[in-house]
Amino acid sequence: MNAIEAKTPKPVMGLYDRPMWESISARAMRLQRCRACSAWQYPPGPSCPQCLSCELEWTEVSGRGKILSWVVFHRQYLPAYPAPYNSIAVRLAEGPTMITNLEGAMPGADSIGRDVRLVYVTMPDGMVLPRFELAD
Ligand SMILES: [Zn+2]
């Protein structure tokens, strides 16, 4: 099976995940933000981990972040991700950390701390994923 035929693994859709994935499909990713203390949170949940308020609102992120860590896989684990492919940990400007992929280049020795920006990638099967590219 090649990447064109491969299905992108579907998101794990927990109780609180649907609004985030709908915003990603609309290419305007939203995460939960606490109305009481303004803290952002990811992954989505029922209440704010900072102040325990249940008053959360879905708010669009800036799309800015920095690479915290990275790895390049040289073995294929999923049909939709032929090797080599990368995973990166991005600290969003809003605070939460996401595990995602770097577009346009493989990460390397100078990647930690690099500024990245959010891009939306349409996979061959039509699924839209949030990924990042170098911003500088
Ligand atoms: Zn809060």
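Just above sits the structure.
Residues numbered from 1 in each chain as written. Predicted model: local features only at pLDDT ≥ 70, side-chain atom pairs only at ≥ 80, totals over all residues. Heavy atoms only, no water.

A short note on the pattern of salt bridges
Working step 1: Counting across every chain of the model gives seven salt bridges.
Working step 2: Of the charged contacts in the structure, one is a salt bridge between Arg35 and Glu55, with a shortest N-O distance of 3.6 Å. Of the two residues, Arg35 is situated in the loop between strand S1 (30-34) and strand S2 (40-41) and Glu55 in the loop between S2 and strand S3 (56-60); the sequence distance between them amounts to 20 residues.
Working step 3: Among the charged side chains, a salt-bridge network with shared partners connects Arg35, Glu55 and Glu57. (Salt bridge = Lys/Arg side-chain N within 4 Å of Asp/Glu carboxyl O. Helix = DSSP H or I, 4+ residues; strand = E, 2+ residues; numbered from the N terminus.)

A short note on the coordination of the zinc ion
Put simply, the ideal angle at a metal is 109.5 degrees for four donors in tetrahedral geometry and 90 or 180 degrees for six donors in octahedral geometry.
Working step 1: On the protein side, the zinc ion has Cys34 (SG), Cys37 (SG), Cys48 (SG) and Cys51 (SG) as donor atoms, found 2.3 to 2.4 Å from it.
Working step 2: Of note, the zinc ion draws all its donor residues from one chain, in the sequence arrangement C-x2-C-x10-C-x2-C. Note that Cys37 is positioned in the loop between S1 and S2 and Cys48 in the loop between S2 and S3, a separation of 11 residues in sequence.
Working step 3: What makes Cys37 partly exposed here is its relative accessible area of 35%. (Donors = N, O, S within 2.8 Å, 3.2 Å for Na, K, Ca; no water. Buried < 20%, exposed > 50% of the residue type's maximum accessible area, 1.4 Å probe, protein only.)

Points about the sheet that holds strand S9 (residues 128-134)
Working step 1: Reading across the sheet, the six strands line up as S6-S5-S4-S8-S9-S7 and stay open at both edges, with mixed pairing between neighbours. Single-partner strands in this sheet number two, and they are strand S6 (97-100) and strand S7 (102-103).
Working step 2: Relative to S9, S7 is paired through two bridges, and the arrangement is parallel. Across the sheet, the residue bridging to Glu103 is Glu133, located in S9.
Working step 3: Against the sheet, helix H1 (residues 18-25) makes contact with strand S8 (115-122) and S9, and its axis sits at roughly 65 degrees relative to S9, the strand it touches most. (Pairing = 2+ DSSP bridges. Contact = heavy atoms within 4.5 Å. Axes fitted to C-alpha atoms, helices over the stretch in contact; angles between N-to-C directions.)

Digging into the pairing of S6
Working step 1: Along S6, the buried face is formed by Met98 and Thr100; none of Thr97 and Ile99, which line the opposite face, is buried.
Working step 2: Direction of pairing for strand S5 (residues 85-92) relative to S6: antiparallel, over a ladder of four bridges. Within the sheet, the bridge partner assigned to Ile88 lies in S6 and is Thr100.

Here we look at the sheet that holds S1
Working step 1: Read from one edge to the other, the open sheet built from three strands follows the order S2-S1-S3, with strand pairing classed as antiparallel. Edge positions in the sheet fall to S2 and S3, since each of these pairs with one other strand and no more.
Working step 2: Inspection of the sheet shows S1 paired to S3 by five bridges, in the antiparallel sense. Along S3, the bridge assignment pairs Leu31 with Thr59.

Considering the layout of surface pockets
Working step 1: By volume, the largest pocket is sized at about 540 Å³.
Working step 2: Lining the largest pocket are 24 residues, with Trp21, Tyr81, Ile99, Asn101 and Leu129 positioned closest to its centre.
Working step 3: For the lining of the largest pocket, the elements supplying multiple residues, two or more each, are H1, S5, S6 and S9.
Working step 4: Its residues assigned to classes, the lining of the largest pocket comprises 17 nonpolar, four polar and three charged.
Working step 5: The two domains that each donate at least three residues to the lining of the largest pocket are domain 1 (13-60) and domain 2 (62-136).
Working step 6: Lining the second largest pocket we find 14 residues, and of these Tyr81, Tyr85, Asn101, Glu103 and Arg131 sit closest to its centre.
Working step 7: Every element with two or more residues in the lining of the second largest pocket is listed here: S5 and S7. (1 Å grid on protein atoms, 1.4 Å probe; cavity = no way out; pocket = protein on both sides within 12 Å on 5 of 7 lines; lining within 4 Å. Points joined across faces, edges and corners; volume = space filled by probe spheres on them. Nonpolar A, V, L, I, M, F, W, Y, C, P; charged D, E, K, R; others polar. Domains from an automatic or database assignment.)

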